[in-house]
Amino acid sequence: MKVLAIDTSSVVATCAVLDEEKLLGEYTLNQDMTHSERLIPMVKTLMDSLKLKPENIDLFAGSVGPGSFTGLRIGLATIKGLAHVVDKSVIGISTLEALAFNVPFDGVVIPIMDARRDRVYTGIYRWENGKLINIMKPTILNIDELLDIVDPNYEKVLFNGDGTFVFKDRIDEKLKEKALYAPISLNMAKASSIGELALLKWEEGSEENYFKLSPDYLRESQAQRQLNEKR
Amino acid sequence: MEKDIITLAIETSCDETSCAVLKNGREVLSNIISSQIEIHRKFGGVVPEVASRKHIENINIIIDRALKEAGVDFKDIDIVGVTRGPGLVGALLVGISSAKAIAYALDKPLIGVNHIKGHICANYIEHKTLEPPFTCLVVSGGHTYLVQANSYTDYELIGRTRDDAAGEAFDKVARSLGLPYPGGPVIDKLSKVGNPRAIDFPRPCLEENSYDFSFSGLKTAVLNYLNQMKQKGEEIVVEDVAASFQQAVIEVLVEKTIRLAKERNSKIIVLAGGVAANEGLRNLLEIRGSEEDIEIKYPSTTLCTDNAAMIGSCAYFNYISGQNSDLGLTVEPNLELDQK
Ligand SMILES: [Zn+2]
């Protein structure tokens, strides 16, 4: 069973093809550039190198968020378009879960994505017997709020994601030597993690269709929030 | 007989999610338009982020409906056309990402389309024998362009608005009159009962020889008039304000268009864009056209609004003249008429 996975929720654009046994190929660019311009050419380069065509793919996986609203839509519009043409299933994966999945670490993993103005998209995860367990659901929090709710009983906490570039000093100040950080290659989105999680979900029987799959922004649009406040 | 060319077209530049299937650029097999107007009404105008969210939820459903209604399958598609600008960047990105994925998966050419040229091409669908050259006035919520169509792909930009688009002025004046969004159709309707000579609003014509437009001065004149009347405690006849404002706008649009047509010896003037559905504009242009022996053409109301069929028509003409895009195609929110 071959999976094509994509993540464009942050500045990273990444796509990968994998099956149950191995990662066949992964193409990742981590540079500030327009995803819409690069993504399909990246997918084509990867697929052509593997001598694969979209009809050889059995499952299409994309990150549903949180992350850049525009980035999420570019990724999902692409995944939905590809799956639609070849009429295959799609699976949406949380960007944060995929970040946590990057680091099989015996302890707590807290992915943080910069959501600007001192806020992070975050969730709390823990590896137990080789399985990734979600402890706190994905949400948007002020960085200090997050650090306040980190359980003092945790022995070690591993942070990854682009929020680490912005908030490392504040994390260290609060959590001291309890805080750990991922190696650089695991600090960023990897389409292979999206794809592997999609395969696990598929085996558990979950399946979505390309009509319904939409981003999970975790935030209403600003216009909607302002409208809500007026009421 | 050459093989038919089947085009799948996608349009998401503003608040309509649309997908169409065309045969040979002029025959519409389907043209599905999902309008978000009800969603944006509560905000008093189009909210870009809200529009983009709606596009990603809808896009594949609309594509599927377009294919089904046309009675074709993905495998029947020869080219994929998509709007690359001008428009709202986030909204355009949904359509272009979807179109690229489909073009790649089908291994068929991708063709990026200028939305304004698309509006003009709506006339090739409506009028099966229409051929360039002709003079064209494109008016919509976001655009006011005076264009000379030299060929199916060469559209010469002659004049444009220097500030507000005509449709934008309609919306702003409507809001100041307490009328609902969108303002254009409401003002057009009220104008039928109001007196267009009741208030003498300025006709902003700029310099003698310019084909450019400017509507912000006119809009300000309307706002000043409303303020003065309120201060004096005098009654405002909404119908008369609407009719007098609309008259000022359409006189300027019509006179400049007629002048260009005469200068270029055009026997045909083509109207395009959302405001082309304005009856006051159509009527005045037809009266002036018949005086000058110029034929006036415009699309049906559906083809005036943003729709994918017009994008498909433009994509077809680009394709047969060899103007294909590659998969690195970018969106251009401020795409100009003379840009590829
Ligand atoms: Zn338009």
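Conventions we followed
- Residues numbered from 1 in each chain as written.
- Chains lettered and ligands numbered in written order.
- Predicted model: local features only at pLDDT ≥ 70, side-chain atom pairs only at ≥ 80, totals over all residues.
- Heavy atoms only, no water.
- Helix = DSSP H or I, 4+ residues; strand = E, 2+ residues; numbered from the N terminus.
- Rg over C-alpha atoms; globule rule 2.2 N^0.38 Å.
- Buried < 20%, exposed > 50% of the residue type's maximum accessible area, 1.4 Å probe, protein only.
- Areas by Shrake-Rupley, 256 points an atom, 1.4 Å probe, with all protein chains shown as cover.
- Lys, Arg positive; Asp, Glu negative; His and termini not counted.
- Charge placed at Lys NZ, Arg CZ, Asp CG, Glu CD.
- Core = buried A, V, L, I, M, F, W, Y, C linked by side-chain atoms within 4.5 Å.
- Contact = heavy atoms within 4.5 Å.
- Donors = N, O, S within 2.8 Å, 3.2 Å for Na, K, Ca; no water.
- Disulfide = S-S within 2.5 Å.
- Pairing = 2+ DSSP bridges.
- Axes fitted to C-alpha atoms, helices over the stretch in contact; angles between N-to-C directions.
- Salt bridge = Lys/Arg side-chain N within 4 Å of Asp/Glu carboxyl O.
- Buried area = accessible area lost by both parts, 1.4 Å probe.
- Expected span 1.5 Å × (residues − 1).
- Bend = angle between axes of the 7 residues up to and from the residue.
- Parallel < 35°, antiparallel > 145°, perpendicular 65-115°, else oblique.
- Nonpolar A, V, L, I, M, F, W, Y, C, P; charged D, E, K, R; others polar.

Visitor: Sorry, what's going on with the overall build of chain B here?
Guide: A tally of helices and strands in chain B yields eleven helices and ten strands. A globule of 340 residues ought to have a C-alpha radius of gyration of about 20 Å, and chain B, at 20 Å, matches this closely. In terms of overall dimensions, chain B has C-alpha extents of about 65 × 45 × 30 Å along its principal axes. Here chain B holds 340 residues, and 60% of them are scored as buried. In the structure as shown, chain B presents an accessible area of about 13100 Å², 48% of it carried by carbon and sulfur atoms. Separation between the mean location of the 35 positive side-chain charges and that of the 46 negative ones in chain B comes to 2 Å.

Visitor: Any chance you could explain the nonpolar core here in plain terms?
Guide: Across soluble globular proteins, nonpolar side chains show a tendency to be buried alongside one another. Formed by 92 residues in total, the largest nonpolar core has its most connected members in F60(A) and I102(B). Top contributing element to this core by residue count: helix α3 (residues 89-106) of chain B, with eleven residues. If we skip the residues at most four places from it in the chain, I102(B) touches G81(A), V85(A), L8(B), I10(B), I63(B), F74(B) and V80(B).

Visitor: I tried to follow the coordination of the zinc ion on my own but got confused; where do I start?
Guide: Residues and elements named next belong to chain B. Taken together, the protein ligands of the zinc ion are H115 (NE2), H119 (NE2) and D306 (OD), with distances of 2.0 to 2.1 Å. Counting gaps between the donor residues of the zinc ion yields the pattern H-x3-H-x186-D. Within this pair, H115 and its partner H119 are both found in helix α4 (residues 115-126), separated by four residues, close to a single helical turn. Each member of the pair, H115 as well as H119, is classed as buried.

Visitor: Help me understand the side chain of R73(A) in this model?
Guide: Within the element layout of this structure, R73(A) appears in helix α2 (residues 69-86). With sequence-adjacent residues up to four places away left out, R73(A) is seen in contact with P215(A), Y217(A), E49(B), S52(B), R53(B), I56(B) and V94(B).

Visitor: I keep staring at the state of the cysteines and nothing clicks. Help me out?
Guide: What makes a disulfide is a covalent bond joining the sulfur atoms belonging to two cysteines. Residue and element names in this part refer to chain B. Counted by the stated rule, this structure contains zero disulfides over all chains. With no disulfide of its own, C304 lies closest to C136 among cysteine sulfurs, the gap being 11 Å. Using a relative accessible area of 1% as the deciding quantity, one classes C304 as buried.

Visitor: Which parts of the structure should I look at to understand the sheet that holds strand β9 (residues 268-272) of chain B?
Guide: Sheet strands line up and pair through hydrogen bonds in the backbone, either parallel or antiparallel. Residues and elements named next belong to chain B. The strand order β8-β7-β6-β9-β10 describes an open sheet built from five strands, whose pairing is mixed. Every other strand in the sheet has two partners, leaving β8 (155-160) and β10 (295-297) as the edge strands with one partner each. The mean angle between the axes of side-by-side strands here comes to 25°, regardless of whether they run parallel or antiparallel. Two strands pair when backbone bridges link them, and β9 and β10 are joined in this way by three bridges, in the parallel orientation. Residue pairing for β10: I268 is matched across the bridge by E295. Relative to the sheet, helix α9 (residues 279-292) contacts β6 (134-139), β9 and β10, its axis offset from that of β9 by approximately 175°.

Visitor: Help me understand the pattern of salt bridges, please; the structure alone is not making it clear to me.
Guide: Side chains carrying opposite charge are able to pair once their charged atoms draw close together. Residue and element names in this part refer to chain B. Applying the stated criterion across every chain, the model contains 30 salt bridges over all chains. Across the pair D212 and R162 runs a salt bridge whose closest N-O atoms are separated by 2.9 Å. Taken together, the positions of D212 in the loop between α6 (183-191) and α7 (216-232) and R162 in the loop between β8 and α5 (166-176) put the pair 50 residues apart, joining distant regions of the chain. According to the relative accessible area criterion, D212 is buried, its value standing at 16%.

Visitor: I tried to follow the sheet that holds strand β5 (residues 89-94) of chain A on my own but got confused; where do I start?
Guide: Residue and element names in this part refer to chain A. Read from one edge of the open sheet, five strands run β3-β2-β1-β4-β5, paired in mixed fashion. Single-partner strands in this sheet number two, and they are β3 (23-30) and β5. Each adjacent strand pair in this sheet contributes to an overall mean axis angle of 15°, direction not counted. Inspection of the sheet shows strand β4 (residues 59-65) paired to β5 by six bridges, in the parallel sense. Directly across from F60, in β5, lies its bridge partner V90. Helix-sheet contacts for helix α1 (residues 35-49) involve β1 (3-7), β2 (12-18) and β3, and the interaxial angle to β2 is about 25°.

Visitor: What is the right way to read the interface of chain B and chain A from this model?
Guide: Reports often express the size of an interface as the amount of accessible area lost when the parts come together. Listed per partner, the contact involves 29 residues of chain B and 31 residues of chain A. Here chain B and chain A share an interface that buries about 2700 Å² over both sides, 68% of which is from carbon and sulfur atoms. Per-residue buried area on chain B facing chain A is highest for R53(B), I56(B) and Y104(B); these three make up 26% of the total on that side. If you look at where chain B meets chain A, you find one salt bridge.

Visitor: Can you help me understand α7(B) in this one?
Guide: The periodicity of an α-helix, 3.6 residues per turn, causes residues three or four positions apart to be oriented the same way. All names here are of chain B. With 17 residues, α7 ought to run about 24 Å at 1.5 Å a step, and its terminal C-alpha atoms sit 24 Å apart, in line with that. On the buried face of α7, the contacting elements are α5 and α8 (238-263). Positioned one or two residues after α7, G233 has a phi angle of 70°, which is positive.

Visitor: Honestly, helix α2 (residues 48-70) of chain B in this entry has me stumped. Any pointers?
Guide: Of all bends in α2(B), the biggest is about 45°, found at N58(B). Remark: G71(B) follows α2(B) within two positions and exhibits a positive phi of approximately 70°.

Visitor: So what exactly am I meant to see when it comes to the packing of α4(B) against helix α11 (residues 308-320) of chain B here?
Guide: Between two packed helices, both the angle of their axes relative to each other and the distance between the axes serve to describe the pair. Residue and element names in this part refer to chain B. Across the interface, α4 lies against α11 with an axial gap of 7 Å and an inter-helix angle of 95°. By the criterion of interaxial angle, the relationship of α4 to α11 is roughly perpendicular. Every residue of α11 that contacts α4 at H115, K117, G118, H119, C121, A122, Y124 and I125 is listed here: A309, M310, I311, S313, C314 and F317. The residue makeup of the contact of α4 with α11, split by class, is nine nonpolar, four polar and one charged.

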